[in-house]
Amino acid sequence: MRTTLTPAALRRAGLSLTAVAGLALAGFAIAPSADAQPVARTGAAQNVTVNADQAVHTARACALPKAGEMACKALRVTSGTVHTTNVRGTTITPDAAAATPTGYGPSDLQKAYGLTSAAAANGAGRTIAIVDAYDDPNAEADLGVYRSHYGLPACTTANGCFKKVSQTGSTTALPTADAGWSEEISLDVDMASAICPKCKILLVEAKTPSMANLGTAVNRAVTLGAKYVSNSYGGGESSSDASYDSSYFNHPGVAITVSAGDSAYGAEYPAASKYVTSVGGTALKTASNARGWTETVWSTNSTEGTGSGCSAYDAKQSWQKDTGCAKRTISDVSAVADPATGVAIYDSYGIAAGYYTFGGTSASAPIIAGVYAIAGAPSSGSYPTSFPYAHTSALNDVTSGSNGSCSGSYLCTAKAGYDGPTGLGTPNGTSAFTG
């Protein structure tokens, strides 16, 4: 009997293109996907996801991971209509760099989350660390273009604001450059800058996307003094997660944010770690209400949307009181991640120099890291993932949308109060992110 494997199953398994080809040769049938088409691209996965409801097409920034590696959570918009305050009804040329941004910029994000005053006043002297794999040779220069366009203060090596190191701490012996992860890096440093323009940026580049190397990079970031560490990657859970927790993520007094995932309902690691703030994704749109904005669960289709669910291995923290999961529940909080309401970034190493629109929970994790940074330094010995649970009224509760099928439970369906896809909600100022 010949077994047929669906694209969704292959994506959740994190199989490389080589591995998929091997399965086909071994007699497995690879089912065609109704929502995917090939994209010619060097250094990234050859797949495109189409958001039929909003006519937005996306492509993964990073190549499909090899066995035992983490996947980055950045989705580049390649065509369609992006609904933002900056541009409406704009068609994006597939894989072409734009001369001007399409997507939310810093002022949009600060307004949407009630952060304008705090972003202008706070953050000086505080360091946000961005942990990613491989090297982006143009990271500093690209960040300079982005910040200059939006009127943010310069952040360079020369003025002491920007620093790039390997997982060993070296500023010269850096990992191999990678086009896909360079896009991820551009997204991460731009989003951290958008929320905390006065913060310093520490980019720590792991040798490979293995959990051991990425975890070592997290430790390096903390050793170098970062109190806010953003991680935009994830993969399947395993029985090793408890060991990874104690080795890489147990850093009291440090706010560590992790993307919840882009494969819709289902738990991932390290978002499942009990020591981190797992960050889900929303669709963010302007609205004629008191806030001026509205948010729903980000869900493109059955295989693309924000992650959520019950961890199979990590214990539930004492401050997480939901009863649907015996162990840790994902997510804690959320922010914009839908590519159809995506953010603008600048990148020159991935494909061609220019502005791109991105989504994925790779956007929401550094946004929340930035919110922690402008909220203030966590107290010694604290676990900042607990902070929002003590200040639930200081969040925008997201009450509509679903990222999968779970018999209508809060684990995949938004409701008043806590739910899996959006956690306790999105930032409404900084109060929910202080100890």
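Residues numbered from 1 in each chain as written. Predicted model: local features only at pLDDT ≥ 70, side-chain atom pairs only at ≥ 80, totals over all residues. Heavy atoms only, no water.

The final tally for this structure, using the stated rule, is 11 aromatic pairs. For the ring pair Y372 and F433, a centre distance of 5.1 Å and an interplane angle of 90° mean the geometry is edge-to-face. Of this pair, Y372 sits in helix α9 (residues 361–375) while F433 sits in the segment after β23 (426–427), and the two are 61 residues apart along the sequence. With respect to class, Y372 is no different from F433; both count as buried. (Phe/Tyr/Trp six-rings, centres within 6.5 Å; stacked < 30°, edge-to-face > 60°. Helix = DSSP H or I, 4+ residues; strand = E, 2+ residues; numbered from the N terminus. Buried < 20%, exposed > 50% of the residue type's maximum accessible area, 1.4 Å probe, protein only.)

Under the definition given, this model contains 5 disulfides. The disulfide that involves C62 links it to C72, with 2.1 Å between the sulfurs. Judged by the sign of its S-S torsion, about 110°, the bond between C62 and C72 is right-handed. Taken as a pair, C62 in the loop between β4 (56–60) and β5 (71–72) and C72 in strand β5 lie far apart in primary sequence, 10 residues in all. Between the sulfur atoms of C196 and its disulfide mate C199 the distance is 2.1 Å. Classification of the bridge connecting C196 and C199 rests on its S-S torsion, roughly 70°, and on that basis the disulfide is right-handed. Of the two residues examined, C196 and C199, each falls in the buried class. In the protein, the bonded cysteines, numbered by position in the sequence, are linked as 1-2, 3-4, 5-6, 7-8, 9-10. (Disulfide = S-S within 2.5 Å.)

Take the nonpolar core next. Residues F249 and V343 are the most contacted members of the largest nonpolar core, which totals 95 residues. Looking at this core element by element, the count peaks at 9 residues for α9. Apart from the residues within four sequence positions on either side, V343 is in contact with T102, G103, Y104, L109, L187, M191, V336, Y356, T357, F358 and A363. (Core = buried A, V, L, I, M, F, W, Y, C linked by side-chain atoms within 4.5 Å. Contact = heavy atoms within 4.5 Å.)

Here we come to the side chain of S230. Inspection of the secondary structure puts S230 in strand β10 (residues 228–231). When its relative accessible area of 0% is taken as the criterion, S230 is described as buried. Those residues in contact with S230 that lie beyond four places of it in its chain are A129, I130, V131, T257, A365, P366 and A369.

Residue pairs spaced three or four apart in an α-helix point in one direction, given the helix's 3.6 residues per turn. The terminal C-alpha atoms of helix α7 (residues 211–223) lie 18 Å apart, and with 13 residues this matches the ideal 18 Å at 1.5 Å per residue to within 8%. Of the residues making up α7, those classed as buried are M211, N213, L214, G215, A217, V218 and A221. Against β7 (127–133), β9 (200–206), β10, β11 (233–234), α8 (241–249) and β12 (255–259) lie the buried residues of α7. G225 lies just past α7 and shows a positive phi near 105°. (Expected span 1.5 Å × (residues − 1).)

Next up on the list: the pairing of β10. Here β10 shows a buried face lined by Y228 and S230 and a second buried face lined by V229 and N231. Bridge count for β7 against β10 is 4 bridges, and the pairing is parallel. Looking at the pairing, V131 lines up with N231 of β10. Judged from the 4 bridges that link them, β10 and β12 form a sheet pairing that is parallel. Across the sheet, Y228 pairs through a bridge with A255, a residue of β12. (Pairing = 2+ DSSP bridges.)

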